[in-house]
Amino acid sequence: MTENTNDPRDAHREEGFPAQEQDQPGHTAETHPDPDHGESSYVGHGRLEGRRALITGGDSGIGRAAAIAFAREGADVAIVHMPEEQADADDTVRLIREAGRQGVSLAGDVRDEGFATSIVSETRRQLGGLDVLVLNAGYQHDIEGFDALETDKMRRVFATNLEGMVYTARAAYPELPEGASIIVTASVQAYNPSPGLVDYAMTKAAQVAFVKALAQEAGSRGIRVNAVAPGPIWTPLIPATGWDEERLASFGQDTPLGRAGQPAELAGAYVYLASEESSYTSGTVLAVTGGKPL
Ligand code: NAD
């Protein structure tokens, strides 16, 4: 981790990232430099004491940062990941347990309705309940131009980011207790879409619509529903997107703060939306974008 200062422009790496590529889903060990998930910096204050959280895509990146923070705030945490990401999941579970909390990892594909549904009952069985649901699993790929959009890849984006999210939310919703919080990881792409991410940006805009619609229905049951919209964040998803050397070198530098963010810089947003500190906040989108307007 780079030295933390009060100046947000240089609180983390400022220069671009070296050329690299990997297959989807990306792995933390193959992502250089190491993303910062707050392992050595996040300090909990008991804000989620006794809560039980389920985080899809919690093995790496933004989901791992949320998992570490939740555990250090006193929550038990189940994470969901693809089977080929078991090594990342094991590291995250270890970090949850080192915080003195229960950590569970559930391997499978959220595009599979049966699996995306079963992770809810499995979390309730292993953690004794579920109060915080973070719908964070996501997939994106680079498209050279609209006519190069491949049907299979487009379907993977829609199925992962939309169908998987809905299956899990729908399975959890009927028995969520009052005080529960649902948090969706959307993106700045919902508001400021890049042509090379057209299918992905469409799903992120749809996630925002989902959050706003469900928040209206869920409010009468005492359940809050919100989104976090990250800007460019250094996670395994980025080298696995298929971007060239130039795009990686400049990743995040078009933000007002002039750099990409680290997963650790998202943790506070998830803790806030999961905790009672946001008791009057529902149906909103919290931007963590390095200053890029939504
Ligand atoms: P990441 O690769 O670390 O996490 C994505 C996770 O999604 C993976 O760990 C994987 O386990 C999970 N996943 C993907 N497809 C899955 C499937 N079919 N079944 C089960 N799990 C699956 O990358 P990240 O950047 O931390 O991504 C987390 C979320 O943040 C995603 O929704 C992404 O769209 C969003 N986001 C990322 C950025 C960024 O710049 N990194 C910006 C805006 C939004």
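Refer to the structure above for everything that follows.
First, a word on what this report is: a plain description of the structure on this page. (Residues numbered from 1 in each chain as written. Predicted model: local features only at pLDDT ≥ 70, side-chain atom pairs only at ≥ 80, totals over all residues. Heavy atoms only, no water.)

**Examining the site of the ligand**
Neighbouring residues of the ligand: 30 residues in total, closest Asp59, Ser60, Glu85, Tyr200 and Thr235. Bound to the protein, the ligand loses 97% of the 800 Å² it would expose on its own. Secondary structure elements with two or more residues in the shell around the ligand: helix H1 (61-72) and helix H5 (198-218). Looking at the shell around the ligand, its residues break down into 13 nonpolar, 12 polar and five charged. (Near = heavy atom within 4 Å. Areas by Shrake-Rupley, 256 points an atom, 1.4 Å probe, with all protein chains shown as cover. Helix = DSSP H or I, 4+ residues; strand = E, 2+ residues; numbered from the N terminus. Nonpolar A, V, L, I, M, F, W, Y, C, P; charged D, E, K, R; others polar.)

**Description of the packing of aromatic side chains**
According to the stated counting rule, one finds four aromatic pairs in the structure shown. A network of ring pairs unites the aromatic residues Phe17, Trp234, Trp243 and Phe251 as a single cluster. Positioned above the aromatic ring of Tyr139, the side-chain terminus of Arg156 is 4.1 Å from the ring centre. The cationic tip of Arg221 hangs over the ring face of Tyr173; the distance from NZ or CZ to the ring centre is 4.5 Å. (Phe/Tyr/Trp six-rings, centres within 6.5 Å; stacked < 30°, edge-to-face > 60°. Lys NZ or Arg CZ within 6 Å of the ring centre and 35° of its normal.)

**Description of the nonpolar core**
The biggest cluster of nonpolar side chains holds 37 residues, and the ones touching the most others in it are Leu54 and Ile182. Put simply, the parts of the chain that give this core at least two residues each are strand E2 (76-81), strand E3 (103-107), helix H3 (113-127), strand E4 (132-135), helix H4 (151-172), strand E5 (181-185), H5 and strand E6 (224-230). Broken down by element, the residue count for this core peaks at six residues, all from H5. With residues up to four places along the chain from it excluded, the contact list for Leu54 reads Ala78, Val80, Ile119, Val120, Thr123, Leu130, Val132, Leu133, Val134 and Thr168. Counting residues in each nonpolar core, the second largest holds 29 residues, with Ala53, Ile55, Ala67 and Ile183 among its members. (Core = buried A, V, L, I, M, F, W, Y, C linked by side-chain atoms within 4.5 Å. Buried < 20%, exposed > 50% of the residue type's maximum accessible area, 1.4 Å probe, protein only. Contact = heavy atoms within 4.5 Å.)

**Concerning the side chain of Thr92**
By the element assignment, Thr92 lies in helix H2 (residues 86-98). A polar side-chain atom of Thr92 sits 2.6 Å from the main-chain carbonyl oxygen of Asp59. Discounting residues that sit within four places of it in the chain, Thr92 has contacts with Gly58, Asp59, Arg64, Ala67 and Ile79. (Polar contact = N/O pair within 3.5 Å; in protein donor to acceptor, adjacent residues only side chain to side chain.)

**A look at H5**
With 21 residues, H5 extends 30 Å from end C-alpha to end C-alpha; this agrees with the ideal 30 Å at 1.5 Å per step. Within the span of H5, buried status applies to Asp199, Tyr200, Ala201, Thr203, Lys204, Gln207, Val208, Phe210, Val211, Leu214, Ala215 and Ala218. Looking at the packing, one finds that the buried side of H5 touches H4, E5, E6 and strand E7 (285-288). (Expected span 1.5 Å × (residues − 1).)

**Thoughts on H4**
Helix length check: H4, at 22 residues, gives a terminal C-alpha distance of 30 Å against a target of 32 Å (1.5 Å per residue), a fit within 8%. Along H4, the largest kink reaches about 35° and is centred on Ala159. For H4, the full list of buried residues reads Val157, Ala159, Thr160, Asn161, Gly164, Met165, Tyr167, Thr168, Ala169 and Ala172. Buried residues in H4 make contact with strand E1 (52-56), H3, E4, E5 and H5. (Bend = angle between axes of the 7 residues up to and from the residue.)

**Describing unusual backbone geometry**
The peptide bond linking Gln24 to Pro25 adopts the cis configuration, its omega dihedral lying at -5°. Here Pro25 lies in the segment before E1. In the segment running from His32 into Pro33, the intervening peptide bond is cis, with an omega of -5°. When you line up the elements, Pro33 lands in the segment before E1.

**Topic: the environment of Glu245**
Mapped onto the fold, Glu245 is located in helix H6 (residues 245-249). Overall, Glu245 belongs to the exposed group, its relative accessible area being 57%. The sequence separation of Glu245 and Glu21 amounts to 224 residues, and the corresponding C-alpha distance is 9.4 Å.

**A closer look at the sheet that holds E6**
Taken together, the seven strands give an open sheet; going across it, the order is E3-E2-E1-E4-E5-E6-E7, and neighbouring strands pair in parallel fashion. Of all strands in the sheet, those bounded by a partner on one side alone are E3 and E7. Each neighbouring strand pair of the sheet contributes to a mean axis angle of 15°, computed without reference to strand direction. Relative to E5, E4 runs parallel, the two being bridged by four bridges. (Pairing = 2+ DSSP bridges. Axes fitted to C-alpha atoms, helices over the stretch in contact; angles between N-to-C directions.)

**Some words on the pattern of salt bridges**
Applying the stated criterion to the full structure yields 15 salt bridges. Here Glu73 and Arg47 are joined by a salt bridge, their closest N and O atoms 2.9 Å apart. Within this pair, whereas Glu73 is found in the loop between H1 and E2, its partner Arg47 is found in the segment before E1, the two being separated by 26 residues in sequence. Here Glu73 falls in the buried class, since its relative accessible area comes to 0%. Between Arg101 and Glu49 there is a salt bridge whose closest N-O contact spans 3.5 Å. Residue Arg101 is found in the loop between H2 and E3, and its partner Glu49 is found in the segment before E1; the two are separated by 52 residues along the sequence. Relative accessible area serves as the criterion here: at 53%, Glu49 is assigned to the exposed category. Each of Glu39, Arg64 and Asp88 takes part in salt bridges that share partners, so that together they form one network. (Salt bridge = Lys/Arg side-chain N within 4 Å of Asp/Glu carboxyl O.)

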